[in-house]
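Given next are the chains, with one letter for each unit.
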Amino acid sequence: MRTPISYFLVVSVLLFTVGTVGVLIRKNALLIFMSVELQLNAVNLALVAFSRQLGNLTGQVLAFFSMVVAAAEVVVGLAIIVSLYRKRRSADVDDASLLRG
Amino acid sequence: MLALSILAQAPPATPQTATGHGPLIFTPVAPELILVGVALILLLYDALEPQRPHLALALATLAGIAGAAAYSVYLWFWVQRPDSPSSVLQGMVAADRFTVFFRLVILGAAFIATLLGYLYLERAGEVRGEYYPLLLFATAGMTLITAANDLIMVFLALEILSLSLYLMTGFSLRRLASAEASMKYFLLGAFSSAFFLYGIAFAYGATGTTNLPAIAHKLSGQVGPLALALGATGLLTVGFAFKVAAVPFHMWTPDAYQGAPTSVTAFMSAGTKVAAFAAFLRVFDVALSPLVWDWKPFVWALAAITMVVGGVLAIAQTNIKRMLAYSSIAHAGFILVGVTAASRQGIEASMFYLAAYAAMIVGAFGVVMLVSVRGERNLNFSSYAGLARRDPFLAAVLAVFMLSLAGIPPTAGFIAKVSVFEAAVQAGHWPLVLIGVLTSVIAAFYYIRVIVLMYMQEYLPGQEETEGLGREPVGRIAVAIPALLTLLFGVFPGVLFGLLKAASVIRF
Amino acid sequence: MAESFYQSYGVVVALLIGGFGLVAVAFTAARLIAPRRQTAEKLMTYECGIDPVGEGWSQSQIRYYIYAFLFVIFDVESVFLFPWANIFVRLGYQAVVEMAIFVFVLALGLLYAYKKKVLQWV
């Protein structure tokens, strides 16, 4: 029996919510970033589920692109976080307080 | 009345079979190919030739941008030819004057930003070759997003420009603030990308396609609950609101603008906003046009809050970059007023506003860069006291930009505001116009304050470093061009509106 | 049939609103109700009851960044190469040229990294 699409979407929405909350409450830049990755994976799950439901491949192609973009984001993000960490020895976003107002 | 009734007759997207690969026409993306090609060459050149002269990199970048602009001008005529398709590469890229117009605006801003960037890197002593390829990649992303006719393309172009800009924001290795700004920009940008992508997924789930005209076709024919499509609209709005820096998704803007090297700030304040709004207009006025009555109230509210919050928060600032950042937030609100009108007139007004905004913000940040000697100094208002005495040229140019940002005639900013308000009144949004006018009056205060400081206050010697105020001819040219354009569009707005008559039709 | 189709979407939307709503309510409630008295003790990282010593980051080596970089080049390559390899015979020479350009650009990235001495084990 085929699993109804709603099951996948429920999981996807929950994952996305967990990711969103993670971004909002976490303080370490790396953990925030991991939460964003969780959101992106929730999106991929939804895309693939929709793709199967609708019977066309666009969703899966889009999931490929999203994976690639996520990978590129990882590299750029790590570069930024690492360079900031090298300068200040801390990855806590609350310590980033030079810019205020 | 459906304001965009032309859109209702949208033909379905030409069905493409998986194997039937039509002829690939690359002409409409040639400007991007030029930009990316030059960027790749420069990247290699920089890696293979450690002794490369800085000037050569800058000149090659300028040549690439000029080439792309020249090709865009050719495209302006190419897209009107009877045999030219309305979209190419399997419906991924649109070929219309709408994108050509925005491309030219973005390429103009990029050109000025390259001149400023050359000067900035020299002065700050941070000459590193990656600056130029990154700038070109970001520019390619910005121009590509204006042509994106498919949500996949919108997303990819958005990421190309964002990823390059995250890195450019953190380009100053010496200043901690730059790295900090970069991190904040990156985290919030990635967060917003996730929302945007989820919106795309929902739009795909609701319609089974990611092609913008096809989505419109599907949505207009759909009966019954539109829950998924509405969810998609909401998520896409959030994603775009982040990128155009609309309140309440504006938190990254002041920090990123202040921390970034000033030349980068000039580039991204103009380029990102123009690019994101171009995509905003296309996605909302093409793909989501059947839902216009559903998204209108939200964009309406977004515009109102953005104008008020951006305008009010700018008053309290003492750092001029931060003040301009809040001002750019407020301007996003004014442009949203034009978007809310969702009419041909509204689109035209928004396009005019974006062109005027790009000229004045790139110029204003340019002057700020010239005044802040060697990198990031003299950023407080006190440094501008008596600037008219020390450097009449820079003071006069900055005064033009301030008047334009405040929306005072005879500048482009005035015409831009009037035209978006007019479009909004036509669409029946007079409360929004009322809010807009009131915030403009408040906003005029802090723009005029800068002019008063420059012209009516005495400069206290020894207070701040003064030597080397933008004497370089390159810098002067870089701020003179936008100033002239600001005045030109203000005195002869018909020039630009004439172009817009042809450019405001979104073909698909 | 059609009805249940839309019902499933209704569930999703309800869940979306419910999920975000719950989080929002919980956070505002906590902020409004909870007393906030922060002491140095409370702000300290909790580590099994022992006072934390040194940096929490001592394990992270910057050199592993190279893996991330290489991962992107080869991951991106394979993500697109595999689907392409399935169908390129049907697509003809155009597809071959496109893929060649794609791989070439990625190779440029690798060359750049090599020249910038990113690939050396530091």
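Residues numbered from 1 in each chain as written. Chains lettered and ligands numbered in written order. Predicted model: local features only at pLDDT ≥ 70, side-chain atom pairs only at ≥ 80, totals over all residues.

Concerning the overall build of chain A
Step number 1: Within chain A one finds three helices and zero strands.
Step number 2: Scanning chain A from its N terminus toward the C terminus, one meets helices and strands in the order α-α-α.
Step number 3: Out of the 101 residues in chain A, the part that is buried amounts to 39%.
Step number 4: Of the contacts formed within chain A by residues at least 6 apart in sequence, a portion of 46% connects residues at least 24 apart. (Helix = DSSP H or I, 4+ residues; strand = E, 2+ residues; numbered from the N terminus. Buried ≥ 20, exposed ≤ 12 C-beta atoms within 10 Å, placed from the backbone. Contact = placed C-beta atoms within 7 Å.)

A word on the overall build of chain B
Step number 1: Scanning chain B from N- to C-terminus turns up 20 helices and two strands.
Step number 2: Expected size for 508 residues packed as a compact globule is a radius of gyration near 23 Å; at 22 Å, chain B falls within 12% of this value.
Step number 3: For the C-alpha atoms alone, the extent of chain B along its principal axes is close to 70 × 55 × 40 Å.
Step number 4: When each of the 508 residues of chain B is scored for burial, the buried share is 64%. (Rg over C-alpha atoms; globule rule 2.2 N^0.38 Å.)

Points about the packing of helix H4 (residues 97-124) of chain B against helix H14 (residues 344-371) of chain B
In a pair of packed helices, the angle between the axes and the distance between the axes together describe the arrangement.
Residue and element names in this part refer to chain B.
Step number 1: It is at 10 Å that the axes of H4 and H14 come closest, and there the two elements cross at 0°. Classified by the angle their axes make, H4 and H14 are roughly parallel. Between H4, through Phe-101, Val-105, Ala-109, Ile-112, Ala-113, Leu-116 and Tyr-120, and H14, the contact on the second element is made entirely by Met-351, Leu-354, Ala-355, Ala-358, Val-362, Gly-366 and Met-369. (Axes fitted to C-alpha atoms, helices over the stretch in contact; angles between N-to-C directions. Parallel < 35°, antiparallel > 145°, perpendicular 65-115°, else oblique.)

Structural notes on the interface of chain B and chain A
Interfaces are often sized by the amount of accessible area the parts lose when they come together.
Step number 1: On the side of chain A, 34 residues touch chain B, which itself brings 35 residues to the contact.
Step number 2: Elements that contribute at least two residues to the side of chain B that touches chain A include exactly helix H6 (151-169), helix H7 (176-207) and helix H10 (252-259) of chain B.
Step number 3: At 19 residues, the largest contribution of residues to the side of chain B that touches chain A is made by H7 of chain B.

Thoughts on the packing of helix H11 (residues 262-287) of chain B against helix H13 (residues 320-341) of chain B
Residue and element names in this part refer to chain B.
Step number 1: Where H11 meets H13, the closest approach of the two axes is 12 Å, and the angle between their N-to-C directions is 15°. By the angle class used here, H11 and H13 are roughly parallel. In the packing of H11 onto H13, the handedness of the crossing is right-handed. Contacts from Thr-262, Thr-265, Ser-269, Lys-273, Phe-277, Phe-280, Leu-281 and Phe-284 in H11 reach Lys-321, Ser-328, Ala-332, Ile-335 and Val-339 in H13.
Step number 2: The class makeup of the residues in the contact of H11 with H13 is seven nonpolar, four polar and two charged. (Left-handed = near helix turned anticlockwise from the far one by under 90°. Nonpolar A, V, L, I, M, F, W, Y, C, P; charged D, E, K, R; others polar.)

Considering helix H4 (residues 93-115) of chain C
Helical geometry note: an α-helix holds 3.6 residues per turn, so side chains three or four residues apart project in the same direction.
Step number 1: The terminal C-alpha atoms of H4 of chain C, which comprises 23 residues, lie 32 Å apart, in line with the 33 Å expected from a rise of 1.5 Å per residue.
Step number 2: A positive backbone phi angle near 60° is found at Lys-117 of chain C, which sits one or two residues after H4 of chain C. (Expected span 1.5 Å × (residues − 1).)

Side note on unusual backbone geometry
Across residues other than glycine, the phi torsion is negative in most instances, and most of the peptide bonds are trans.
Residue and element names in this part refer to chain B.
Step number 1: Of note, the bond from Val-247 into Pro-248 is cis; its omega dihedral lies within 30 degrees of zero at 5°.
Step number 2: One can find Pro-248 in the loop between helix H9 (227-244) and H10.
Step number 3: Residue Pro-410 is reached from Pro-409 by a cis peptide bond, and omega for that bond is 5°.
Step number 4: On the secondary structure map, Pro-410 appears in the loop between helix H16 (392-406) and helix H17 (412-426).
Step number 5: Here the phi dihedral of Ala-342 falls at roughly 50°; this positive angle occurs in a residue that is not glycine.
Step number 6: A count of 25 C-beta atoms within 10 Å places Ala-342 in the buried class.

Observations concerning the confidence of the model for chain A
Step number 1: When the pLDDT values of chain A are averaged, the result is 83; 86% of them are 70 or greater.
Step number 2: Looking at the elements of chain A, mean pLDDT is at its lowest for helix H1 (residues 5-25) of chain A, recorded as 85, and at its highest for helix H2 (residues 29-54) of chain A, recorded as 91. (pLDDT = per-residue confidence, 0-100.)

Some thoughts on the nonpolar core
Residue and element names in this part refer to chain B.
Step number 1: Counting 238 residues, the largest nonpolar core has Ile-145 and Ala-358 as the members making the most contacts within it.
Step number 2: Of all the elements, H14 adds the most residues to this core, at 21 residues.
Step number 3: Every residue in contact with Ile-145, bar those within four places of it in the chain, is listed here: Val-154, Ala-157, Leu-158, Leu-161, Ala-275, Ala-278 and Ala-279. (Core = buried A, V, L, I, M, F, W, Y, C linked by C-beta atoms within 7 Å.)

Re the environment of Gly-59 of chain A
Step number 1: For Gly-59 of chain A, the position within the fold is in helix H3 (residues 58-88).
Step number 2: Taking the C-alpha atoms as reference points, Gly-59 of chain A and Ala-49 of chain A, separated by ten residues in sequence, lie 8.3 Å from one another.
Step number 3: If we skip the residues at most four places from it in the chain, Gly-59 of chain A touches Leu-47, Val-48, Phe-50 and Ser-51 of chain A together with Tyr-204 of chain B.

Overview of the environment of Leu-47 of chain A
Step number 1: Tracing the sequence through the fold places Leu-47 of chain A in helix H2.
Step number 2: For Leu-47 of chain A, a count of 27 C-beta atoms within 10 Å corresponds to the buried category.
Step number 3: Note: C-alpha distance between Leu-47 of chain A and Gln-60 of chain A (13 residues apart in sequence) is 6.5 Å.
Step number 4: With sequence-adjacent residues up to four places away left out, Leu-47 of chain A is seen in contact with Gly-59, Leu-62 and Ala-63 of chain A together with Ala-201 and Tyr-204 of chain B.

Some details on helix H2 (residues 30-48) of chain B
Step number 1: Under the 1.5 Å per step criterion, the end-to-end length of H2 of chain B is 27 Å for 19 residues, consistent within 8% with the ideal 27 Å.
Step number 2: All of the buried residues along H2 of chain B are Pro-31, Glu-32, Ile-34, Leu-35, Val-36, Val-38, Ala-39, Leu-42, Leu-43 and Asp-46 of chain B.
Step number 3: At its buried positions, H2 of chain B is contacted by helix H3 (54-78), H4 and helix H5 (131-147) of chain B together with H4 of chain C.

Comments concerning the environment of Gly-494 of chain B
Residues and elements named next belong to chain B.
Step number 1: Mapped onto the elements of the fold, Gly-494 is located in helix H20 (residues 493-503).
Step number 2: Look at Gly-494 and you get exposed, because 10 C-beta atoms sit within 10 Å.
Step number 3: Sequence-wise, Gly-494 and Pro-248 are 246 residues apart; in three dimensions their C-alpha atoms are separated by 35 Å.

Description of the confidence of the model for chain B
Detailed reading of predicted coordinates is not advised where the pLDDT is low.
All names here are of chain B.
Step number 1: Scored by pLDDT, chain B has a mean of 87; 92% of the residues are at 70 or more.
Step number 2: The secondary-structure element of chain B with the lowest mean pLDDT is helix H1 (residues 5-8), recorded at 34, while H5 shows the highest, at 95.
Step number 3: In the predicted structure, residues 1-20 sits below a pLDDT of 50 and forms 27 contacts with residues beyond four places in sequence or in another chain.
Step number 4: Scored by ipTM, the complex comes to 0.91, with pTM at 0.88.

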